[in-house]
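One-letter residues, chain by chain:
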Amino acid sequence: HGHGDAGRLPFTPITPVDRTVDALTVPAGYTWSPIIRWGDPLFADSPAFDLQHQTAAAQKRQFGYNNDYTDILVDHGNGRTGLLVCNQEYVNPGIMFPATSDPAQQATNRAVARAAHGMSVVELTRRRKGRPWDYTVGGRRNRRIDADTTFAFDGPAAGSALLRTVEHADGTTTRGTIGNCSGGTTPWGTVLSGEENFNGYFRTPGTSAEDKRYGLKDAPSTYGWEADEQRWDTRNTGYENASNHFGWIVEIDPQNPTSTPVKHTAMGRFKHEGANVRVDGEGRVVAYMGDDEKFDYLYKFVSRRRVSKNRAENLTLLSEGDLFVAKFRGDSAASEIDGTGKLPTDGAFDGSGMWLPLVVGGRSMVSGMSVEEVLVHTRLAADQVGATKMDRCEDVQPSLMTGRVYVACTNNSDRGAAGKAGPDEANPRTANRDGHIVEISDTGNRAAATTFRWNLLLVCGDPAKNAATYFAGFPKDKVSPISCPDNVAFDSVGNLWISTDGAPSTIGYNDGLFKVTIEGRDRGRVQQFLSVPTEAETCGPVIHDRDGMVYVAVQHPGEEGTFADQHSLFPDYVRPGTTPRAGQVAAPRPSVVQVHRR
Ligand code: FEO
Ligand code: CA
Ligand code: CA
Ligand code: CA
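In this text, all values refer to a predicted model and were calculated from it rather than measured experimentally.

Peer 1: How do you make sense of the nonpolar core when you look at a structure like this?
Peer 2: Proteins that are soluble and globular tend to have nonpolar side chains buried together. The biggest cluster of nonpolar side chains holds 147 residues, and the ones touching the most others in it are Leu 84, Ala 287, Val 407 and Leu 458. Residues within four places of Val 407 in sequence aside, it is in contact with Gly 290, Leu 298, Cys 393, Val 396, Ile 437, Val 438 and Ile 440. By size, the runner-up hydrophobic cluster in this structure holds 5 residues, among which are Cys 484, Ala 503, Ile 507 and Tyr 509.

Structure, rendered in structure tokens:
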């Protein structure tokens, strides 16, 4: 095995799986099992999951719904204990609850939904490395964070007038986290999570420039929580700023179950997909972050202080620093970027770029906006400085081996549409259904660099059916088709692993997990490792190749079904009309899955 080969995870790529198949498919020689499923009890006093009689009190003590960011933190020592940390982004009420027209039952279901959001920390044990984990009910570090958990704001906008509500009069705390999409684990062992699609949880006046720019509308919210709590309707007196409490990067310390989780205002507010951190050669910390919306931006945050040997000091590293937004410049003639995805004559979609300053040294770099305004209404600040409108930046992650940064632009069907931005070299396809991967090198590999070089590593799609695809020059007949890249991770030898969300509607296959070689002669080789069940997206992923283990979160399996007509029965696969075994139900359950050698 040469460089770039994960020697402990040899596999023959799976054949892409049709979008209707309700199975988790892994390579020959591998098998899988769920570590934990929606509704599984976390604490000694947790009720058993009762699909037909759910309560918020029970759900607050059970694993939540629609897992996205996932990490497996193996404890120091013999490798037989560890922690699972996992986000619970949103809910699918139509398949979670029996249909009901009873207002009291509907209110109960909404409260369950709030409790199913947030994050979970769960202790794990296993007999030895390379063997599957069991989670521990009642583990000392087990924790549920939900839409009610107290958070502290820190950084320059903490305490700002823009964060004050009647419930949180001094603007330094708030309640709950929602829309927790992807994230990252820091070198000091905390977990960062992005609050993404918070706008749909609110009813607002919808008239201000800020409301409009963040997609906040005067319409019933997605889940109708404004019927239960005033804070979800910013038209209520005293709650005008309530939507400003979401859209942040949150940081939790999974080792300390009584610690207060933090929302970092210094990292800006937008539809945060996630944040991934790297420490450069000078000890400066840089976090790369995407705003997942069509035509929104790529950001980075650079800490003021250097990383310390003292963990307690590192817990506040992300509280203070500089915020930048990316501007990309192509090196080929604009006329060569015709929207078809055809490579320009220099053979690459590539060029240079600038990190445009938004906040530097505690001062606003945006005319007419205070630091607090830049951090709370970051999208409007980035508009002003002329950042590059991207094709939905999802996960953004630096390689810890090379320092290069990988940006998953998942898709943008509106690129080049009437009245919208046309193609540019960094987003070269009109009606970009399949997405692409941008590779960035900050100048000198320095965290604080204000310039970078970039190129497109992948222009995704099914090369058998779509000529406008590119795999860094690797032969197109030797790659797995891939569409809608979303979360990314690296293995221990520097391969990029990509999980997808949206392939069923573009290339017709279930979403999956793909290994991409990025160094050496096989650069651009895409190999599909697994495929998730129908109507699910693949999240996580976590690649522990030295252990021979891969972990994914299976999010929203069967999401287009109804409670009475489920499209997926993953992972219990209880057949209708049969008696479930203990702990199993005849409904899909978003779950974290481990894949290992037979
Ligand atoms: Fe929750 Fe951007 O995906
Ligand atoms: Ca070029
Ligand atoms: Ca995502
Ligand atoms: Ca997604």
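Structure shown, so let's carry the discussion forward.
Peer 1: Hey, could you run me through the sheet that holds strand β11 (residues 249–252) in this one?
Peer 2: The strands making up a sheet associate through backbone hydrogen bonding, with each pair oriented either parallel or antiparallel. Taking strand neighbours across the sheet as the criterion, the 6 strands line up as β8-β7-β12-β11-β10-β9 in an open arrangement whose pairing is mixed. Every other strand in the sheet has two partners, leaving β8 (173–175) and β9 (180–185) as the edge strands with one partner each. Shown here is a sheet whose adjacent strand axes are inclined to one another by a mean of 30 degrees, direction ignored. Looking at chain direction, strand β7 (residues 150–154) and β8 are connected through 3 bridges and run antiparallel. Each residue of the ladder has a partner; that of Ala 152, found in β8, is Thr 173.

Peer 1: What am I meant to see in the sheet that holds strand β26 (residues 496–500) here?
Peer 2: Strand order in the open sheet formed by 4 strands is β25-β26-β27-β28, with antiparallel pairing between adjacent strands. Edge strands, defined here as strands with exactly one partner in the open sheet, are β25 (485–490) and β28 (526–531). Taken over all neighbouring pairs, the strand axes of this sheet differ in orientation by 25 degrees on average, direction set aside. Judged from the 5 bridges that link them, strand β27 (residues 512–516) and β28 form a sheet pairing that is antiparallel.

Peer 1: Teacher, can you tell me more about the environment of Asp 211 here?
Peer 2: With respect to the secondary-structure elements, Asp 211 resides in helix α4 (residues 209–213). Residues Asp 211 and Asn 67, spaced 144 residues apart in sequence, show a C-alpha to C-alpha distance of 28 Å.

Peer 1: Can you help me understand unusual backbone geometry in this one?
Peer 2: A negative phi holds for most residues other than glycine; trans holds for most peptide bonds. With an omega of -20 degrees, the peptide bond between Gly 540 and Pro 541 qualifies as cis. Considering the arrangement of structural elements, one finds Pro 541 in strand β29 (residues 537–544). In this model, Phe 570 is joined to Pro 571 through a cis peptide bond whose omega is -5 degrees. When you line up the elements, Pro 571 lands in the loop between β30 (549–555) and β31 (591–597). Not every positive phi belongs to a glycine, and Phe 295 is a case in point at roughly 65 degrees. In this fold, Phe 295 is placed in strand β15 (residues 294–296). C-beta crowding within 10 Å serves as the criterion here: with 16 such atoms nearby, Phe 295 is assigned to the partly exposed category. One non-glycine residue, Asn 445, adopts positive backbone phi at about 60 degrees. In this structure, Asn 445 sits in the loop between β23 (436–442) and β24 (451–459).

Rules used in this analysis
- Residues numbered from 1 in each chain as written.
- Chains lettered and ligands numbered in written order.
- Predicted model: local features only at pLDDT ≥ 70, side-chain atom pairs only at ≥ 80, totals over all residues.
- Core = buried A, V, L, I, M, F, W, Y, C linked by C-beta atoms within 7 Å.
- Buried ≥ 20, exposed ≤ 12 C-beta atoms within 10 Å, placed from the backbone.
- Contact = placed C-beta atoms within 7 Å.
- Pairing = 2+ DSSP bridges.
- Helix = DSSP H or I, 4+ residues; strand = E, 2+ residues; numbered from the N terminus.
- Axes fitted to C-alpha atoms, helices over the stretch in contact; angles between N-to-C directions.

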